Structure formats: structure tokens, C-alpha cells
Number of protein chains: 4
Amino acid sequence: MKQNNLFKLAGRQNKTSNTVIKVDQTLIGGKKITVIAGPCAVENEKQMDDIAQIVKRLGAQMLRGGAFKPRTSPYSFQGLGEEGLRLLAKASVTTGLPVVTEVMSAAQVSLISKYAHILQIGARNMQNFELLRCVGKQGKPVLLKRGMSATIEEWLSAAEYIMAQGNHKVILCERGIRTFVRETRNTLDLSSVPVIKRYSHLPVIVDPSHAVGHWEYVESMALAAIAAGADGLMLEVHQDPEEALSDGFQSLKPEKLAQLLHKVSMVAHAIGRE
Amino acid sequence: MKQNNLFKLAGRQNKTSNTVIKVDQTLIGGKKITVIAGPCAVENEKQMDDIAQIVKRLGAQMLRGGAFKPRTSPYSFQGLGEEGLRLLAKASVTTGLPVVTEVMSAAQVSLISKYAHILQIGARNMQNFELLRCVGKQGKPVLLKRGMSATIEEWLSAAEYIMAQGNHKVILCERGIRTFVRETRNTLDLSSVPVIKRYSHLPVIVDPSHAVGHWEYVESMALAAIAAGADGLMLEVHQDPEEALSDGFQSLKPEKLAQLLHKVSMVAHAIGRE
Amino acid sequence: MKQNNLFKLAGRQNKTSNTVIKVDQTLIGGKKITVIAGPCAVENEKQMDDIAQIVKRLGAQMLRGGAFKPRTSPYSFQGLGEEGLRLLAKASVTTGLPVVTEVMSAAQVSLISKYAHILQIGARNMQNFELLRCVGKQGKPVLLKRGMSATIEEWLSAAEYIMAQGNHKVILCERGIRTFVRETRNTLDLSSVPVIKRYSHLPVIVDPSHAVGHWEYVESMALAAIAAGADGLMLEVHQDPEEALSDGFQSLKPEKLAQLLHKVSMVAHAIGRE
Amino acid sequence: MKQNNLFKLAGRQNKTSNTVIKVDQTLIGGKKITVIAGPCAVENEKQMDDIAQIVKRLGAQMLRGGAFKPRTSPYSFQGLGEEGLRLLAKASVTTGLPVVTEVMSAAQVSLISKYAHILQIGARNMQNFELLRCVGKQGKPVLLKRGMSATIEEWLSAAEYIMAQGNHKVILCERGIRTFVRETRNTLDLSSVPVIKRYSHLPVIVDPSHAVGHWEYVESMALAAIAAGADGLMLEVHQDPEEALSDGFQSLKPEKLAQLLHKVSMVAHAIGRE
């Protein structure tokens with residue numbers, strides 16, 4: 001990569017120390033691993049409240065949940081919209097956990113900023129340049145997922161679009177790339193973690209749930225992500241995965257999440273993190 | 001593919017006859033092959049006028065040119081914006097050729113509709129669902145490029161997003177997919193042409209210029225596209241490719257385009273088209 | 001590609017004229033398109049004789065058929081072995097058509113050379129270097145299929161392995177690469193045809209049957225291959241595809257093959273070939 | 001995967017307990033992590049002896065080194081051949097470390113069996129079925145690397161080819177798959193580790209050196225592999241990577257290997273292994 005000209009702001013050549021992003025009381029990119037957990041989609045008040053309590057109790061630092069869902073088909077469940085944002089915000093207040101949720105268009109940025117602590121850009125929108133510029137002009141941190149077929153250069157360039165507007169609080173999120181492999185939904189490219197750490201000072205977290213698409217493989221990939229040097233994890237959890245309105249197959253039951261977080265803690269300590 | 005439920009509007013099961021889209025005097029999807037040609041980016045008035053005259057003289061039916069350019073890096077040339085649209089529209093009036101240009105965000109749709117005859121959705125925005133809905137609510141035809149790692153199912157679902165809003169004038173455009181191959185910029189997946197023809201009634205054209213990324217391979221792939229059953233071609237041409245502001249390497253010189261169009265005409269006749 | 005050092009024998013820089021390979025009375029790589037057709041696997045005497053008669057009658061120049069079959073599972077039908085070779089040779093004598101069949105190991109080379117006119121190296125063996133050297137030491141032409149994930153550089157280097165042993169009669173065969181696409185068995189990379197023509201003087205043919213994996217798409221891709229500049233086609237045909245012992249789904253019925261060959265002839269003439 | 005019929009011997013449905021393979025005093029597939037280290041290619045006596053001493057001193061359990069090298073070009077260094085095997089065997093005797101080396105053809109099997117403790121099948125030969133059958137007929141353990149574009153089903157089917165001949169001592173080795181990613185040589189697909197563990201009882205190790213192709217990323221991926229559940233690692237080490245005859249760019253210096261092994265030990269303990 002000819003990073004010198006491309007990554008004036010995202011590149012490590014102009015800022016050698018790691019960027020640490022503060023969200024309420026939580027730091028992302030420091031010594032401590034950050035765990036973001038929650039359902040794929042906000043479904044209803046009881047579901048959201050219950051999962052938020054579980055996530056809080058198990059020691060995760062942030063809550064995730066989709067209110068606006070990017071779906072391949074226009075006929076699939078598209079999320080609860082603003083009602084979902086309200087349920088998320090309520091669960092955030094109750095638990096004290098900051099909230100991450102996806103923004104799918106420039107028109108939604110101001111609305112979602114009212115409810116969420118971190119704005120997520122999904123894989124399909126990684127090169128939606130208007131959206132990148134728009135989240136770059138507001139002040140909340142942005143979680144930027146890697147596109148399904150994005151090179152590292154394209155991914156960092158997308159971060160650069162955001163940063164060039166003044167918002168330097170960008171968290172990168174590896175979520176798997178599209179390959180010929182069929183046993184997993186995507187192929188989690190964990191080598192992107194050390195590559196990003198070499199070229200950029202930005203924090204990078206990993207979403208193993210979307211990558212593997214099957215709950216049985218999530219724990220192994222979560223542990224591998226931490227061992228590879230990731231700064232955090234984004235995990236899907238659901239009380240009743242079989243009944244989830246989207247992506248139930250890849251969601252962990254609460255007891256599996258508890259077990260996973262215990263092991264993550266062990267691996268984190270092994271490599272000198274918390 | 002389980003197309004029955006997914007493609008209520010785009011699928012062939014509910015509309016067996018091919019869709020033919022009328023743009024001024026030109027039909028896309030009928031017996032006659034449609035050729036859209038022009039520069040990658042509108043650069044200045046003289047360039048645009050000259051290329052438009054060449055395109056007209058060589059017998060192409062439509063003019064292409066980018067005013068708003070999606071670029072990987074925020075520091076690359078981003079297009080002339082509305083000034084580019086004005087130059088395109090002027091060239092359209094002079095030559096009588098309808099104009100295709102890319103719309104990169106919902107906010108641009110009404111502006112671009114004033115100048116262009118067909119709105120192009122680029123590969124990076126194939127799953128920008130807000131943009132799809134927005135172009136679905138206006139009346140001009142939409143040229144929907146395939147995403148870099150989109151399956152046929154995802155591509156037709158994106159068309160379905162547009163059509164579900166009421167606009168059934170969707171033209172699909174194969175432009176290559178991202179693979180391990182390095183000798184070409186992308187891998188032109190011409191088998192998508194018969195697959196689309198099997199599952200959908202929508203017209204499908206091919207952009208060999210972006211797919212191969214090198215002018216020497218464009219002619220072969222253009223001829224192959226027509227032989228495979230494509231309804232048209234989208235081609236990049238430039239008077240002076242070495243000096244082009246973007247993608248000069250894949251642009252044809254006018255004399256090469258003339259030769260290509262002559263051969264396209266021969267192959268079209270060979271398979272019973274014009 | 002840094003072809004100068006890598007492709008001393010296969011590269012066009014040291015031999016600018018196209019290589020034309022003579023097999024009995026048939027030339028491969030000249031002005032005339034070569035069609036090789038036959039069943040995926042030799043199944044029994046009647047099947048082989050009948051298909052050979054059909055292939056002959058429809059005007060194809062060569063007969064194909066697998067006696068030793070590379071199969072993913074050790075429990076799948078592995079071919080008739082030497083008995084299959086005998087049936088192939090008998091059909092060859094009856095019809096006067098030369099025969100192409102796959103050689104899967106160095107140990108089989110001398111046996112297969114007794115029966116076949118061209119030795120085929122399958123995609124899985126493209127980098128079986130001992131086998132490449134072995135077929136390079138005998139005198140019959142070699143049909144070298146592209147590996148499932150081979151770059152053009154690796155493919156030409158495999159040809160170079162054969163040629164470096166003294167056998168310069170190498171025919172390249174594009175048969176699709178492995179990508180994320182699921183609607184076709186592989187992704188036929190037709191841009192490899194002009195890329196090969198640019199870098200090498202060797203003839204290149206295309207096998208659309210294995211690439212697309214579905215008979216409905218074979219004709220489109222066969223026509224596209226010829227339009228792209230391929231020197232020939234390799235096609236699977238079967239009297240009764242539903243009952244074929246392997247790959248029936250991608251085999252053409254005789255009447256479909258007849259129609260395809262008629263169209264191939266039209267496209268070939270359109271681009272100045274026969 | 002429809003594993004029931006395909007994987008009679010390699011599948012977990014017929015043998016639920018993990019297979020542990022004994023090589024001299026070392027077990028592969030048990031609680032203890034196995035580390036195999038050494039140079040990409042055996043270059044000369046001093047190099048081999050020195051690296052073997054280093055590998056022994058740092059606590060690795062086995063020695064690797066290529067005597068016959070599969071190279072893309074026929075003009076690249078092809079290995080020292082039998083002389084390389086002798087140097088490997090000498091280093092093995094001196095250090096007491098068992099030796100793994102690659103066998104590239106059926107004709108080499110008996111020769112290599114005389115010198116090596118484990119026969120390695122390289123990625124390019126994963127579907128060289130004659131070679132698979134041949135190593136299946138002898139008694140030494142086989143290390144079966146995953147093909148560059150092999151699905152898990154194809155990989156386990158290749159193991160089944162070996163096992164169906166009577167040799168059940170198969171060790172699987174993930175070494176990266178070919179994707180569009182350019183920042184690493186291949187894309188290490190660590191999710192294959194839990195997928196293999198679900199479907200098969202065979203041990204699985206990981207080769208991060210070939211996967212990433214750059215020494216800076218090897219440590220992260222080695223730690224990730226262990227965290228993901230791999231039974232061991234295969235690592236390239238060289239006293240003087242800049243002068244290595246092949247793949248120097250991805251080789252670790254001895255001091256980096258020492259550091260890596262220390263961290264591997266920490267992560268192994270964290271997940272309850274040794």
C-alpha cells in the first residue's frame with residue numbers, strides 16, 4: 001500500500017500512538033477489551049429490556065441493536081425504525097450502557113444521533129461516500145464496518161473520508177469478507193487486524209457473529225480475534241434465537257455468551273490486556 | 001434461487017415477455033443492441049463536446065459521462081458536479097443523444113433528474129437502499145450496476161427495491177466482480193447475462209471497460225457480451241486516454257471504438273440482432 | 001506480469017506468431033474454430049458409440065470422454081479406466097475423430113498415450129509438476145486446463161513446465177474459476193482469452209460446460225467464448241443427461257448441441273473465422 | 001455438508017473422540033499444542049544444522065524443511081532433492097526432533113518415507129488423488145494442507161482418500177485460501193478450525209507463515225490460531241531471512257520465534273491447553 005498520500009489522517013505515519021476513543025465511561029482502543037453485545041434487531045420492549053439486563057449482568061460494556069435494518073429483500077423485516085431507537089435508548093438509560101446502532105442514510109444521521117452513542121456504518125454502506133461525509137460532520141464516534149469485498153486500502157480510505165470532515169473518532173470493525181467458502185456465511189479475515197495495526201492508529205474490533213453466521217463457531221472466532229490483537233468484540237445475543245426476527249442462527253444464548261466472555265477474559269490476560 | 005417470493009416484480013415468473021425501455025427514440029431491451037459511450041468523467045466543455053460528436057458520428061445511441069464520481073480516496077478528483085451535468089446536457093442537446101450519469105445519493109436525485117435521461121446507480125451503491133427507494137419514486141429509467149461482490153439474487157433484489165416504489169424501468173448492468181484475478185481489474189462475469197435472462201424480464205447490458213480495466217481487452221469482452229445475449233454495452237472512450245482525469249487506462253481511442261462498433265454489429269447480426 | 005523471464009517458451013515475446021497444433025487432420029489455433037465434444041465420462045460401449053456418431057454427424061472435430069475421472073469423493077464413480085480408453089479408441093476409429101482424455105498421474109501417461117490423441121491435464125492437476133514434466137517428455141499434444149484458482153501467470157508457468165521438457169504442443173483451456181458466485185458452478189473468466197492472446201502464442205479453448213454447470217447457460221457462454229477470440233470449445237453432450245453417471249446437469253442433449261454449433265458457426269464467421 | 005455418506009472415516013459421526021497421532025515421543029491432537037518449525041527450504045548443511053539447534057532450543061517439537069519444493073515457475077529453485085532429505089535426517093538425529101517434509105509425487109513416497117517422520121501433501125496437491133492413495137498405503141502420518149480454493153468438504157474428502165487406503169493418521173493443516181485480498185499472500189481462514197472440529201475427529205494445525213506471507217503478521221495469526229482451537233502450528237524460521245532461497249519475506253528470525261512461542265504458551269494455558 002502506498003499509504004503515505006492516501007491516509008493522511010487514518011495512517012500511522014502521522015500519528016504513531018494508538019487512538020483511544022471515549023464513549024461515556026468506556027474506552028475503545030486502550031488496554032482493556034471492549035465488548036459490545038445485543039440482538040441483531042430490536043424487536044419489542046420486553047426483548048430489548050431483557051437482553052440489555054443480560055448484557056449488563058454479564059459484564060459487556062456496550063449495547064448493540066438494529067432499529068433500521070439493511071435487508072437484501074425489500075419484503076424482509078426492515079426494523080422498527082424510530083420506535084426501535086426509543087427502546088434502545090430506554091434500555092441504555094436503565095442499564096447505563098452506551099448504545100451502538102446502524103445509520104443507513106444521511107437523512108437518518110441527526111435522528112439517530114439523538115438516541116445513540118456510536119453510529120454504525122454497515123458493510124453495504126462502507127463506500128456510501130455521502131453518508132461517510134455526513135457522519136464525519138457530526139461529533140459522535142463512528143463504527144465503520146468493512147465492506148464485503150473491501151481491501152484494507154479501501155477500508156482505511158473510507159475512514160479517511162469521515163476523518164477529513166473533522167470527526168477523528170472512527171472505530172474499524174472486521175466482519176468477514178465474501179469468498180468461495182460455503183461452510184460459513186462470510187470468511188472472517190483476522191489478518192486484517194495486524195495489517196490495520198501496522199498501517200493505522202485507529203482501534204479495530206471484530207464481529208464474529210456476522211462473519212461465521214452460525215453460533216457454534218462464534219466463540220472460537222471471538223477468542224481468535226482477541227489473540228490476534230483486536231480491541232474489542234461485537235456479538236449477537238438473543239434469549240430465544242429460534243424466534244429471532246433476523247439472524248437467529250448466528251445469535252448466542254445468554255449462557256453461551258457468559259462462557260465466551262469468561263474465556264475472552266482469560267485470553268486477554270494471556271496477551272497482556274484486560 | 002427461490003425467486004418466486006423474492007422477485008415479484010423483477011422476476012420472469014410474473015412477466016414472461018422481455019421488458020423494453022424507451023428513452024427518447026431509443027429502445028433498450030429490444031432486438032437492437034444499445035451502445036452507450038462517453039468519457040469516464042466529464043472534464044471540461046471541449047472534451048465533452050468533442051467526445052459527444054465522436055460518439056454520435058460512430059453510431060452509438062447514448063452518451064455517458066460522470067459528473068459526480070465515486071472515488072476510493074477523498075483526495076482523488078471527485079468530478080465537476082453540477083457544472084459537469086450542464087456540460088453533459090449541452091452535449092446531449094447538440095447531438096440529440098440521451099444522457100446517462102451516476103447519482104451517488106438521494107440528495108442528488110432531483111438535481112440529476114433535471115439533466116439526465118437515465119440515472120445510474122454505481123456498483124458501490126447497489127445496496128444503498130435509501131437511494132434505491134428514492135430513484136424508485138421518480139420516473140426516469142435507472143441503470144443499476146451490479147455490486148462488486150453481489151450475487152444475482154442480491155442484484156435482482158436491489159432492482160426489486162426500485163420497482164417496489166413504482167418505477168419498473170430498470171436496466172441491469174454487469175460490470176465485473178471482485179476475484180483473486182490480478183491481470184484484469186475485475187472479473188467480467190458474462191454468465192450473469194443468461195442467468196438474468198432466465199430469472200428476469202429486465203434488460204441487461206455490460207460494461208467491459210470497468211471490468212477489464214485495460215483498453216486492450218475491451219473489444220474482446222464487448223463482442224463476447226453481445227454473443228452472450230446482452231442487450232447493450234457501456235463503453236469508455238476518450239480522445240486522449242493518457243491525459244484522462246480518471247480511468248484513462250481502460251478508455252478506448254475513437255478509432256478503436258469505431259472498429260469495435262463495426263465488429264459488434266457483425267456479431268449482433270450473427271445472433272439475429274441488430 | 002513480468003513475463004519476460006518467466007515465459008521463455010510460452011511467451012509471445014520470443015515467438016510472435018500464433019502456434020497452430022496439428023492433430024491428425026485437424027488444426028487447433030488456426031483460423032478455423034475447433035469443437036471437441038463428448039460425454040463427461042465413458043459409461044459403456046453403446047453410449048460411447050452413439051455419442052461419437054452424433055458428435056461426428058454434427059460436425060465437431062474431436063471426441064472427448066473421461067476414462068479416469070477425478071472425483072472429490074473416493075466413493076464416487078471413478079471412471080471405467082482402461083476399458084474406457086478402449087471404448088474411446090474404438091469410437092475414434094469408427095468415426096475418424098481424434099480423442100482427448102484426461103491423464104491423472106505420471107503412471108498413466110504411457111497407457112493413455114496408446115489410446116488418445118491429446119492428453120488432458122485437469123484443473124486439479126494444473127500444478128502437479130511431476131505430471132507436467134512427464135507429459136512434457138512425450139510427444140502428444142497436451143490440453144492444459146486452468147486451475148480453479150490459478151492466475152494467468154501460474155497457468156502459463158504450468159505450460160512452461162511442459163514446454164521446458166521439449167513438448168511445445170500445449171493447448172490452454174479456460175474452464176472457470178472459483179468465486180463467491182453460486183448461480184453457476186464456477187465463474188467462466190472469458191477475459192483470460194484476450195489476456196492469454198496478449199502474453200502467449202499458444203492456442204486457447206474454452207469449456208463452458210464445466211464452468212457454468214448447467215446446460216441452459218452453455219450456449220450463451222460458448223458463443224461468448226468464440227466472440228472473445230477463443231480457438232475452440234470443449235462441450236459435454238449426452239443422449240440422456242438425466243441418466244448420466246457424472247455431471248448430467250451440465251450436458252447438452254444432441255439437438256441442443258446441433259443448434260449451438262449452428263450459432264457458433266455464425267458468430268465465427270462474423271469475426272472472420274470459420 | 002451432507003457429511004454422513006462422504007466422511008465415513010474422517011467424519012465425527014462415526015468416531016466422536018479426537019484422534020491423537022503419535023510421532024516418536026510427540027502427540028498431535030492431544031491437550032498439548034505441537035509446534036513444527038524450520039526453514040522453507042533446506043539450503044545447505046550449516047543452515048539446516050543451525051536452524052535445527054535453534055528450533056530445538058526454543059522448545060518446538062518438530063522440524064520442517066523442504067527438500068523438493070513446488071514452485072510456480074520451472075526456472076525457480078526446486079530444492080536440493082535427496083541431498084536435502086539427508087541434511088534434514090541428520091538434523092533430526094542430532095536434535096532428536098522428528099521431521100516433516102513435502103512429498104510431491106507418488107514416485108517420491110518411498111524415498112521420502114526413509115528420511116521423514118511425517119509426509120506433507122502441499123496445497124497444490126490436495127486433490128492429486130494418486131498421491132493421496134499412495135500415502136494412504138504406507139504407514140507414516142500425513143500432513144494434508146488445504147488447497148488454495150478448497151472447501152472444507154473437499155479437504156475432508158481428500159483426507160478420506162488417504163484413510164480409505166488404510167492410513168488413518170492424517171493431520172489437517174490450514175494454510176490460507178485465495179481471495180481478492182492483496183495485503184496478505186493468502187487469507188488465513190481460521191474459521192475452518194471450529195468447522196473441522198465439528199465435522200471431523202482429525203487434528204488440525206495452522207501454518208500462518210504461508211498464509212500471511214509477511215513475518216510481521218505471523219505472530220498475531222499464530223496466537224489467533226491457538227485461541228481458535230488449533231492443535232498446533234507450522235512456522236517458518238530462518239537465521240537470515242533476507243538471504244533465504246525461498247519465502248524469506250515470511251520467515252521469522254530466531255528471536256521473534258522465541259517471543260512468539262512464549263506468547264503461544266500463555267494463550268494455550270488461557271484456553272486450558274499446554
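Please read these numbers as outputs of a predicted model, since none were measured by experiment. Along each chain, the written sequence defines residue order, and numbers are assigned to residues from 1. Whichever chain is written first becomes A and whichever ligand is written first becomes 1, with later ones labelled in order. Per-residue local features are limited, in this predicted model, to residues with pLDDT of at least 70; the limit for side-chain atom pairs, both in listing and counting, is 80 or more; totals at the level of whole chains, interfaces and linings are taken over all residues. By convention in this description, side-chain values take in all heavy atoms of the structure and omit both hydrogens and water.

(A) Examining the relation of the copies chain A and chain D more closely. The least-squares superposition of copies is restricted to C-alpha atoms, and to residues with a pLDDT of at least 70 in both copies. After a rotation of 180° and a shift along the axis of 0.0 Å, chain A superposes on chain D with an RMSD of 0.0 Å. Expressed as a symmetry operation, the mapping of one chain copy onto the other fits a two-fold axis. Scanning chain A for the C-alpha nearest the rotation axis identifies Ala224 of chain A, at a separation of 2.0 Å. In this assembly, 100% of the residues forming the interface of chain A have copies in chain D that are likewise at the interface, indicating an isologous arrangement. Residue contacts are defined here by distance: any two heavy atoms, one from each residue, within 4.5 Å place the two residues in contact.

(B) Quick look at the interface of chain A and chain D. Counting residues at the interface gives 38 residues for chain A, matched by 38 residues for chain D. Simply put, the buried area is the total loss of 1.4 Å probe accessible area from both parts when two parts are fitted together. When the two sides are added together, the surface that chain A and chain D hide from each other amounts to roughly 2,900 Å², 69% of it contributed by carbon and sulfur. When residues of chain A are sorted by the area they lose upon contact with chain D, Phe180, Glu183 and Tyr217 of chain A head the list and together hold 22% of the total. By definition, a salt bridge exists where a carboxyl oxygen of Asp or Glu is found within 4 Å of a side-chain nitrogen of Lys or Arg. The interface formed by chain A and chain D contains two salt bridges. Of the charged contacts in the structure, one is a salt bridge between Glu216 of chain D and Arg198 of chain A, with a shortest N-O distance of 3.1 Å. Here a polar contact is recorded for every N or O atom pair within 3.5 Å, except that within protein the pair must consist of a potential hydrogen donor and a potential acceptor, and residues adjacent in sequence are included only if both atoms are side-chain atoms. Remark: the boundary between chain A and chain D carries ten residue pairs in polar contact (both at pLDDT 80 or more). A run of H or I in DSSP becomes a helix once it reaches four residues, and a run of E becomes a strand once it reaches two; helices and strands are each numbered from the N terminus. Looking at the side of chain A that touches chain D, the elements that each hand over two or more residues are helix H6 (152-163), helix H7 (192-199), helix H9 (215-228) and helix H10 (254-270) of chain A. If you tally residues by element for the side of chain A that touches chain D, the top one is H9 of chain A, at eight residues. Any residue outside Ala, Val, Leu, Ile, Met, Phe, Trp, Tyr, Cys, Pro, Asp, Glu, Lys and Arg is labelled polar, Gly included; the first ten of those are nonpolar and the last four are charged. Residues belonging to the side of chain A that touches chain D are distributed by class as follows: 23 nonpolar, eight polar and seven charged.

(C) How the structure looks around the relation of the copies chain C and chain B. Screw-axis analysis of chain C against chain B gives a translation of 0.0 Å along the axis, an RMSD of 0.0 Å, and a rotation angle of 180°. Comparing contact sets, 100% of the residues at the interface of chain C also lie at the interface in chain B, consistent with an isologous, same-surface contact.

(D) Up close: the packing of aromatic side chains. To pair, rings of Phe, Tyr and Trp, with the six-membered ring standing in for Trp, must have centres within 6.5 Å; the planes then decide the type, stacked if under 30 degrees apart, edge-to-face if over 60, and tilted in the middle. Counted by the stated rule, this structure contains four aromatic pairs over all chains. Aromatic pair Phe129 of chain A and Tyr161 of chain A: ring centres 4.4 Å apart, planes at 25°, arrangement stacked. Separated by 32 residues along the polypeptide, Phe129 of chain A in helix H5 (residues 129-136) and Tyr161 of chain A in helix H6 bring together distant segments of the chain. Relative accessible area serves as the criterion here: at 2%, Phe129 of chain A is assigned to the buried category. Counted as over-ring charges are cases with an Arg CZ or a Lys NZ within 6 Å of the ring centre that also lie within 35 degrees of the ring normal. Here Lys8 of chain A stacks its cationic end above the ring of Tyr75 of chain B, 4.1 Å away from the centre of that ring. Note on classification: 1.4 Å probe, protein chains only; a residue is buried when its accessible area is under 20% of the maximum for its type, exposed when over 50%, partly exposed between these limits.

(E) Representation of the sheet that holds strand E8 (residues 170-174) of chain B in the model. Residue and element names in this part refer to chain B. The pairing criterion is simple: DSSP has to find at least two bridges between the two strands. Here we have eight strands rolled up into a closed barrel, ordered E3-E4-E5-E6-E7-E8-E9-E10, and parallel in their pairing. Direction aside, the axes of adjacent strands within the sheet are offset by 25° on average. Here, axes are lines fitted to C-alpha atoms. For helices the fit covers the stretch in contact, and angles between N-to-C directions go from 0 to 180 degrees. Against the sheet, helix H3 (residues 82-95) engages strand E4 (62-64) and strand E5 (99-102), with an angle of about 165° to E5. Across the sheet, helix H10 (residues 254-270) is in contact with strand E3 (34-38) and strand E10 (232-236); its angle to E10 comes to roughly 170°.

(F) Focus on the pairing of strand E7 (residues 142-145) of chain B. All names here are of chain B. The two faces of E7 match: Val142 and Leu144 on one face and Leu143 and Lys145 on the other face are all buried. Pairing geometry for strand E6 (residues 118-121) and E7, over three bridges, is parallel. Among the inter-strand pairings, Gln120 is bridged to a residue of E7, identified as Leu143. For the crossover from E6 across helix H5 (residues 129-136) to E7, the handedness is right-handed. By the bridge criterion, four bridges tie E7 to E8 in an arrangement that is parallel. The residue of E8 that forms the bridge with Lys145 is Cys173. A right-handed crossover is one whose linking path, passing over the helix from the first strand to the second, runs clockwise when the strands point away from the viewer. As for the winding sense of the linkage, the β-α-β connection from E7 through helix H6 (residues 152-163) to E8 is right-handed.

(G) Structural context of helix H7 (residues 192-199) of chain B. Extensive coverage of H7 of chain B is indicated by the burial of seven of its eight residues. When H7 of chain B is considered as a whole, its buried residues turn out to be Ser192, Val193, Pro194, Val195, Ile196, Lys197 and Tyr199 of chain B.

(H) The arrangement of the sheet that holds strand E9 (residues 204-206) of chain A in detail. Residue and element names in this part refer to chain A. Spatially, E3-E4-E5-E6-E7-E8-E9-E10 is the arrangement adopted by the eight strands of the closed barrel, whose pairing is parallel. Each adjacent strand pair in this sheet contributes to an overall mean axis angle of 25°, direction not counted. Strands in contact with H9 are E9 and strand E10 (232-236); relative to E10, the strand with the most contacts, it is inclined by about 165°.

(I) Inspection of the interface of chain C and chain B at higher detail. Counting from both sides, the interface comprises 38 residues of chain C and, opposite them, 38 residues of chain B. Counting the surface chain C buries against chain B, the share from its top three residues, Phe180, Glu183 and Tyr217 of chain C, is 22%. At the boundary of chain C with chain B, the tally comes to two salt bridges. Between the two partners, chain C and chain B, sit ten residue pairs in polar contact (both at pLDDT 80 or more).

(J) Here's a closer look at unusual backbone geometry. The backbone of Asp24 of chain A shows a phi angle near 50°, a positive value even though the residue is not glycine. Its location among the elements puts Asp24 of chain A in the loop between strand E1 (21-23) and strand E2 (26-28).

(K) Spatial organisation of the environment of Gly139 of chain C. Residues and elements named next belong to chain C. The residue Gly139 is located in the loop between helix H5 (129-136) and strand E7 (142-145) in this model. Overall, Gly139 belongs to the partly exposed group, its relative accessible area being 47%. Setting aside residues no more than four positions away along its own chain, Gly139 makes contact with Asn167 and Lys169.

(L) Highlighting the packing of H5 of chain C against helix H6 (residues 152-163) of chain C. Residue and element names in this part refer to chain C. Here H5 crosses H6 at 45°, and the two axes come no closer than 7 Å. The orientation of H5 with respect to H6, classified from their angle, is oblique. Contacts between H5 and H6 pair Phe129, Leu132, Arg133, Val135 and Gly136 from the former with Ala158, Tyr161 and Ile162 from the latter. Looking at the contact of H5 with H6 residue by residue, the class counts come to six nonpolar, one polar and one charged. What sets the label is the angle itself: under 35 degrees gives roughly parallel, over 145 gives roughly antiparallel, 65 to 115 gives roughly perpendicular, and the rest give oblique.

(M) Molecular detail of the nonpolar core. The nonpolar core is taken to be a set of buried Ala, Val, Leu, Ile, Met, Phe, Trp, Tyr and Cys residues, with the residues joined through side-chain atoms within 4.5 Å. Ranked by internal contacts, the top residues of the largest apolar core, which has 330 residues, are Leu144 of chain A, Leu144 of chain B, Leu144 of chain C together with Leu144 of chain D. Excluding anything up to four places from it in sequence, Leu144 of chain A contacts Ile121, Met126, Leu132, Trp155, Ala158, Ala159, Ile162, Val170, Ile171, Leu172 and Cys173 of chain A.

(N) Representation of the state of the cysteines within the structure. We call a pair of cysteine sulfur atoms a disulfide whenever their separation is within 2.5 Å. Counted under the stated rule, the structure contains zero disulfides over all chains. The structure places no disulfide on Cys134 of chain C, whose sulfur is separated from the nearest cysteine sulfur, that of Cys134 of chain D, by 15 Å. Counting only cysteine sulfurs, Cys40 of chain C is the nearest neighbor of Cys173 of chain C, a cysteine outside any disulfide, at a range of 13 Å.

(O) The side chain of Ser157 of chain A, seen in detail. Among the secondary structure elements, Ser157 of chain A is positioned in helix H6. Since its relative accessible area comes to 1%, Ser157 of chain A is described here as buried. Contact partners of Ser157 of chain A, with chain neighbours within four places excluded, come to Phe7 of chain A together with Thr72, Ser73 and Pro74 of chain B.

(P) Structural view of the pattern of salt bridges. In the structure shown here, the tally under the stated rule is 56 salt bridges over all chains. The salt bridge partner of Glu154 of chain D is Arg178 of chain C, with a shortest N-O separation of 2.6 Å. Residue Glu154 of chain D is located in helix H6 (residues 152-163), and its partner Arg178 of chain C is located in the loop between strand E8 (170-174) and helix H7 (192-199); the two belong to separate chains. Using a relative accessible area of 8% as the deciding quantity, one classes Glu154 of chain D as buried. Between Arg273 of chain D and Asp231 of chain D there is a salt bridge; the shortest N-O distance is 2.7 Å. With Arg273 of chain D in the segment after helix H10 (254-270) and Asp231 of chain D in the loop between helix H9 (215-228) and strand E10 (232-236), this residue pair connects regions lying 42 residues apart in the sequence. Because the salt bridges share partners, they merge into one network encompassing Glu45, Asp49 and Lys90 of chain A.

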